[in-house]
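Next come the chains, spelled out residue by residue.
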Amino acid sequence: MTLEKVDPVEVFDAGDKGRGLRTTKALVIGDVVFTEASFSAVVFDSLSMQVCHNCFRRHASPHRCAQCKFAHYCDRTCQRAAWDEHKRECAAIRTAGKTPKENIRLAARAMWRMLKYGGKVVDSQLTSLDLLQDHISDMVDEDLKELQDDVQRFLEYWPKTKRALGTEYISHLLGVIKVNGFTLSDQRGLQAVGVGLFPNLCLVNHDCWPNCTVILNHGKIELRVLGTIPEGEELTVSYIDFLKLSKDRQQLLKKQYYFDCKCEHCSKGIKDDLMMATKTDEKPSADQVKEVTEFGLKAFEKIEEARISGDFEEVVKLCRECLQKQEAVLADTHLHHLRVLSIASEVLSFMRSFKEAAECASRMVVGYGKLYHPSNAQLGMATMRAGVTNWHAGLIEVGHGLICKAFAILMVTHGPHHSITKDLEVMRSQTEAELQMFKQNEKAYQSVREAALFGKPLAEPIKEQVKELVQGAK
């Protein structure tokens, strides 16, 4: 693991939260505090044949390791680059006759690296895995039983010729992975494909309204600044999505990470009122709110069943019923209302009902904008999807505006070199050109759009008009 430069951070005592990281100089929005490569990382079991085990890129026909027949790579170049770490894993899999689940593989990879290099790979590594919290003392009986089973699986997998490891240390390492493992995404940043350990990142504590965000970019994580941070202030990230009531976020953090969140947004219930808000112009009665809420909860179960079975017509039907009932009762920031809009826009887009999908997506983004931090990555991604949906619906002015807004957000959260930001820059240029065409000749623009989306041939007069517009643009 290597930090690219002398980073403006230091470890400090963060009180009840344990150790934390704080900045040693003032930072501004969009700054990269530090980058960090993983100490060790593995591909998820479910994607082991679709994702390169070296660079974590998705690949249609990856090259398989001929020996263990488990690891897959983009090509022989990636395979050679990964061999130093994979060779021990490869031998262990062949000896065991089976491949253990990802947390066991990650623990073994981390252990092999520590045996080779020690607890710290380079001087700029701020902590070792030995010093990270495992929260075993906070685990409930069910989690402890799972941990004990995993320790046994690790011992079955760990080579007998290697140094014997005590169960206490294995438990610690697996506990560290459980609470500190960071999800890795594919090259587009759109799908979780693996999990890794990043020791310096592990020192960054949680806040539901953080001043930093983490993004994976070209195989390394980047800690990026979301606003102005004065010198000496603690650096924080959010471990979970913000769109939950304070009590629900606290329960989730307690269950997954074993700590009680006491951040300002949880302590004061900030935005909880918006997340459960009802219409204000004609305030509904308590009975009306209860009826709509109960209807929505039952509908969510049916929607999920329909989605799993692939009955998308039924999903749309249920979403329309929900939205109709919610319209006069729930505010545009109510979590149930936003959930339905999100599902509806996704499924309608899949069914190529772009205009209705665009309406749902646009309304969803309005609600998100009132709840999320203005530089939240989830807000940026949702705004991008809404922009693309409006673009596909032929609403080029709205689509271009949303794509520009998304680009501004993702420049902060992802930076200019991330693949998503680069894709968005291409979209922004293309929608800007199409917007000019739309303003000059709306009929010609809509004909070109339909031809592109639905494979319809252009009429000769339209072809001539398009030709004139292109020549005029030059």
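Fair warning: this is a prediction, and the values are worked out from it, not measured in the lab.

Engineer: Would you mind going over the overall build of the protein chain with me for this structure?
Structural biologist: Looking only at helices and strands, one finds 17 helices and 12 strands in the protein chain. For the protein chain, the C-alpha radius of gyration of 25 Å lies close to 23 Å, the compact-globule estimate for 474 residues. Seen through its C-alpha atoms, the protein chain measures out along the principal axes to roughly 75 × 55 × 50 Å. A total of 474 residues make up the protein chain; the buried ones form 48% of that total. Pairs at least 24 apart in sequence give 65% of the contacts found in the protein chain among residues at least 6 apart. Distance between charge centroids for the protein chain: 6 Å, based on 63 positive and 64 negative side chains.

Engineer: Looking at this structure, how should I read the side chain of R105?
Structural biologist: Locating R105 in the fold gives a position in helix α2 (residues 102-117). In this structure, R105 is in contact with V42, V43, F44, D45, F70, E89, T99, P100 and Y157, ignoring residues within four places of it in sequence.

Engineer: Looking at this model, I keep getting lost on the layout of surface pockets. Mind explaining?
Structural biologist: Taking a probe equal in size to a water molecule and rolling it over the atoms shows the remaining empty space. As a volume, the largest pocket reaches approximately 1400 Å³. F182, V214, S238, Y239 and Q378 are the residues nearest the centre of the largest pocket, which is lined by 44 residues in total. Residue classes in the lining of the largest pocket are distributed as 26 nonpolar, 16 polar and two charged. When its volume is computed, the second largest pocket comes out at roughly 800 Å³. If you trace the second largest pocket, you find 34 residues lining it, with S38, N54, C55, F56 and G219 closest to the centre. When the residues that make up the lining of the second largest pocket are grouped by side-chain class, the tally is 11 nonpolar, 13 polar and 10 charged.

Engineer: Looking at this structure, I do not really get α2. What am I missing?
Structural biologist: Spacing of three or four residues puts side chains on the same side of an α-helix, whose turn is 3.6 residues. For α2, spanning 16 residues, the distance from its first C-alpha to its last is 22 Å, which sits close to the expected 22 Å at 1.5 Å a residue. Taken together, the buried positions of α2 are occupied by N103, I104, R105, L106, A107, A108, R109, A110, M111, W112, R113 and M114. Buried residues along α2 sit against β4 (40-43), α1 (76-96), α3 (141-157), α4 (167-180) and β8 (192-197). Just downstream of α2 lies G118, where phi reads positive at about 95°.

Engineer: Where do I start with the sheet that holds β4 in this structure?
Structural biologist: What links the strands of a sheet is backbone hydrogen bonding, and the strands pair in either a parallel or an antiparallel sense. What the three strands build is an open sheet, ordered β4-β8-β7; its pairing is antiparallel. With one partner strand each, in any of the chains shown, β4 and β7 (182-185) form the two edges of the open sheet. When the angles between neighbouring strand axes are averaged without regard to direction, this sheet yields 30°. Examined bridge by bridge, β4 and β8 share four bridges and lie antiparallel to one another. Within β8, the residue paired with A41 across the bridge is G196.

Engineer: I keep staring at the nonpolar core and nothing clicks. Help me out?
Structural biologist: The tendency in soluble globular proteins is for nonpolar side chains to be buried side by side. V33, L223 and L235 are the most contacted members of the largest nonpolar core, which totals 68 residues. When residues of this core are assigned to their parent elements, the largest contribution, eight residues, is made by α2. Residues from two domains meet in this core; each of domain 1 (1-38 + 203-243) and domain 2 (40-197) gives at least three. Core analysis: the next-biggest nonpolar cluster, separate from the first, contains 38 residues, C266, C322, A357 and Y368 among them.

Engineer: Just to check I follow, could you spell out the sheet that holds strand β3 (residues 32-37) for this structure?
Structural biologist: Read from one edge to the other, the open sheet built from three strands follows the order β3-β11-β10, with strand pairing classed as antiparallel. Pairing within the sheet leaves two strands with one partner each, and these edge strands are β3 and β10 (212-217). Sheet twist, expressed as the mean angle between neighbouring strand axes with direction ignored, is 20°. Here β10 pairs with strand β11 (residues 220-225) via six bridges, running antiparallel. For L216, the partnering residue across the bridge sits in β11 and is I221. Sitting on the sheet, helix α14 (residues 396-413) is in contact with β10 and β11, with an inclination near 110° to β11.

Engineer: Got a minute to help me understand the environment of M49 in this structure?
Structural biologist: With respect to the secondary-structure elements, M49 resides in the loop between β4 and β5 (63-64). Among the residues examined, M49 registers a relative accessible area of 57% and is labelled exposed. Expressed as a C-alpha distance, the spacing of M49 and F438, which sit 389 residues apart in the sequence, is 45 Å. Setting aside residues no more than four positions away along its own chain, M49 makes contact with P62 and H72.

Engineer: Would you mind showing me how to read unusual backbone geometry here?
Structural biologist: Leaving glycine aside, a negative phi is the common case for residues, and trans is the common case for peptide bonds. The residue F56 is not glycine, and still its phi comes out positive at about 65°. Checked against the element boundaries, F56 lands in the loop between β4 and β5. By relative accessible area, which is 10% here, F56 ends up buried. Its identity as a non-glycine residue notwithstanding, Y258 has a phi of 65°, on the positive side. Inspection of the secondary structure assignment puts Y258 in the loop between α6 (246-257) and α7 (264-267).

Analysis parameters
- Residues numbered from 1 in each chain as written.
- Predicted model: local features only at pLDDT ≥ 70, side-chain atom pairs only at ≥ 80, totals over all residues.
- Heavy atoms only, no water.
- Helix = DSSP H or I, 4+ residues; strand = E, 2+ residues; numbered from the N terminus.
- Rg over C-alpha atoms; globule rule 2.2 N^0.38 Å.
- Buried < 20%, exposed > 50% of the residue type's maximum accessible area, 1.4 Å probe, protein only.
- Contact = heavy atoms within 4.5 Å.
- Lys, Arg positive; Asp, Glu negative; His and termini not counted.
- Charge placed at Lys NZ, Arg CZ, Asp CG, Glu CD.
- 1 Å grid on protein atoms, 1.4 Å probe; cavity = no way out; pocket = protein on both sides within 12 Å on 5 of 7 lines; lining within 4 Å.
- Points joined across faces, edges and corners; volume = space filled by probe spheres on them.
- Nonpolar A, V, L, I, M, F, W, Y, C, P; charged D, E, K, R; others polar.
- Expected span 1.5 Å × (residues − 1).
- Pairing = 2+ DSSP bridges.
- Axes fitted to C-alpha atoms, helices over the stretch in contact; angles between N-to-C directions.
- Core = buried A, V, L, I, M, F, W, Y, C linked by side-chain atoms within 4.5 Å.
- Domains from an automatic or database assignment.

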